[in-house]
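Topology and contacts: notes
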Amino acid sequence: DTAVSQTPKYLVTQMGNDKSIKCEQNLGHDTMYWYKQDSKKFLKIMFSYNNKELIINETVPNRFSPKSPDKAHLNLHINSLELGDSAVYFCASSQLRNTEAFFGQGTRLTVV
Amino acid sequence: EDKVVQSPLSLVVHEGDTVTLNCSYEVTNFRSLLWYKQEKKAPTFLFMLTSSGIEKKSGRLSSILDKKELFSILNITATQTGDSAIYLCAGATNAGGTSYGKLTFGQGTILTVHP
């Protein structure tokens, strides 16, 4: 059983396109996150949702829009993709009162 | 801005060696310090440290936190090739405010263990 699952695992797309990455967790956690890992392997938080409510929004371009239909899902939609968006995007979840986060396998996005 | 710095950035050792990885942090409203191991894919959780001076152990790995010096170390004894990975350290924020649950990661230490 996969605890935090993301789809797709790989995504290659052209500049200017719009794409979505889906994330689901079956751990019963109430908080979900999106992290971006750049080419230097630096993991940085983008968004956090608690019970479908946005609680963290780091300085991320408006082209990135997270959506949480329920507390087990947090999707990431990216408009007008740019070359600099190429990275690995990780979804994670935790229980709000416990900071131990569990990560998905990542989505490697390549914008050409 | 919260900051976590790890050293060394990379380390190459031979099987059987002991390594010490360092992590210093400046995190507002600090709650805990976490260590993760990242091989090819997702970071996997190793330790969470909340109190100073209490060593956590799991097999050949151990870690300790110093909240006065804002520092943590991760020790790996009798290293094996399977220990080769990126080791990530992260500072977690406490309850309240808009940063609850946020993990601020360091840049990682790339450990390579040769046979």
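Here, the structure is the one placed above.
First, a word on scope: everything that follows refers to the structure included in this document. Bear in mind that the values here come from a model prediction, so they are computed numbers and not experimental data.

**A look at the sheet that holds strand β3 (residues 19–25) of chain A**
Residues and elements named next belong to chain A. Spatial ordering of the open sheet is given by β1-β3-β8-β7, a layout of 4 strands whose pairing is antiparallel. Strand pairing shows two members of the sheet lacking a second neighbour, β1 (4–7) and β7 (64–70), which therefore form its edges. Between one strand axis and the next, the sheet turns by 20 degrees as a mean value, whatever way the strands run. As paired strands, β7 and strand β8 (residues 73–78) are joined by 5 bridges and run antiparallel to one another.

**A word on the interface of chain B and chain A**
Listed by partner, the interface residues are 25 residues for chain B and 23 residues for chain A. Buried surface at the junction of chain B and chain A, summed over both partners, amounts to about 2000 Å²; 56% is from carbon and sulfur atoms. At the junction of chain B and chain A, the tally comes to 0 salt bridges. Applying the counting rule to chain B against chain A returns 4 residue pairs in polar contact (both at pLDDT 80 or more). When contributions to the side of chain B that touches chain A are tallied by element, the ones reaching two or more residues are β4 (30–38), β5 (43–49), β9 (85–93) and β10 (103–105) of chain B. The biggest single contributor to the side of chain B that touches chain A is β4 of chain B, with 5 residues. Tallied by class, the residues present in the side of chain B that touches chain A amount to 13 nonpolar, 8 polar and 4 charged.

**Regarding the pairing of strand β7 (residues 61–66) of chain B**
Residue and element names in this part refer to chain B. Alignment of strand β6 (residues 56–58) against β7, held across 3 bridges, turns out to be antiparallel. Residue Lys56 lies in a different strand from β7, and its bridge partner there is Ser63. Between β6 and β7, which pair antiparallel and follow one another directly, the connecting turn spans 2 residues, one of which, Gly59, has a positive phi of 65 degrees. As judged from the 6 bridges shared by β7 and strand β8 (residues 71–76), these two strands associate in the antiparallel manner. When the bridges of β8 are listed, Leu61 appears paired with Ile76. Between β7 and β8, which pair antiparallel in sequence order, lie 4 residues; one of them, Leu70, sits at a positive phi of approximately 55 degrees.

**Comments concerning the packing of aromatic side chains**
All names here are of chain A. Applying the stated criterion across every chain yields a total of 10 aromatic pairs over all chains. Seen in terms of ring centroids, Phe64 and Tyr89 are 6.3 Å apart; in terms of plane orientation they differ by 35 degrees. Their pairing is tilted. Of this pair, Phe64 sits in strand β7 while Tyr89 sits in strand β9 (residues 87–94), and the two are 25 residues apart along the sequence. Given a relative accessible area of 7%, Phe64 falls into the buried group. You can call Tyr89 buried: its relative accessible area is 0%.

**Some remarks on the environment of Ile21 of chain A**
Residue and element names in this part refer to chain A. Tracing the backbone shows Ile21 in strand β3. Sequence separation between Ile21 and Ile45 is 24 residues, and the spatial gap between their C-alpha atoms is 16 Å. Not counting residues within four places of it along the chain, the set of residues in contact with Ile21 comprises Gln6, Thr7, Trp34, Asn75, Leu76, Tyr89 and Thr107.

**Observations concerning the state of the cysteines**
One way to say it: the disulfide is the covalent bond shared by the sulfur atoms of two cysteines. Summed over all chains, the structure comprises 2 disulfides over all chains. Paired by a disulfide, Cys23 of chain A and Cys91 of chain A hold their sulfur atoms 1.8 Å apart. The disulfide joining Cys23 of chain A to Cys91 of chain A has a torsion of about -75 degrees about its S-S bond and is therefore left-handed. Residue Cys23 of chain A is located in strand β3, and its partner Cys91 of chain A is located in strand β9; the two are separated by 68 residues in the primary sequence. Of the two residues examined, Cys23 of chain A and Cys91 of chain A, each falls in the buried class. What pairs with Cys23 of chain B in a disulfide is Cys89 of chain B, and their sulfur atoms sit 1.8 Å apart. Disulfide Cys23 of chain B-Cys89 of chain B: torsion about the S-S bond near -55 degrees, hence left-handed. Placement of the pair is Cys23 of chain B in strand β3 (residues 19–26) and Cys89 of chain B in strand β9, with a sequence separation of 66 residues.

Cut-offs applied
- Residues numbered from 1 in each chain as written.
- Chains lettered and ligands numbered in written order.
- Predicted model: local features only at pLDDT ≥ 70, side-chain atom pairs only at ≥ 80, totals over all residues.
- Heavy atoms only, no water.
- Pairing = 2+ DSSP bridges.
- Helix = DSSP H or I, 4+ residues; strand = E, 2+ residues; numbered from the N terminus.
- Axes fitted to C-alpha atoms, helices over the stretch in contact; angles between N-to-C directions.
- Contact = heavy atoms within 4.5 Å.
- Buried area = accessible area lost by both parts, 1.4 Å probe.
- Salt bridge = Lys/Arg side-chain N within 4 Å of Asp/Glu carboxyl O.
- Polar contact = N/O pair within 3.5 Å; in protein donor to acceptor, adjacent residues only side chain to side chain.
- Nonpolar A, V, L, I, M, F, W, Y, C, P; charged D, E, K, R; others polar.
- Phe/Tyr/Trp six-rings, centres within 6.5 Å; stacked < 30°, edge-to-face > 60°.
- Buried < 20%, exposed > 50% of the residue type's maximum accessible area, 1.4 Å probe, protein only.
- Disulfide = S-S within 2.5 Å.

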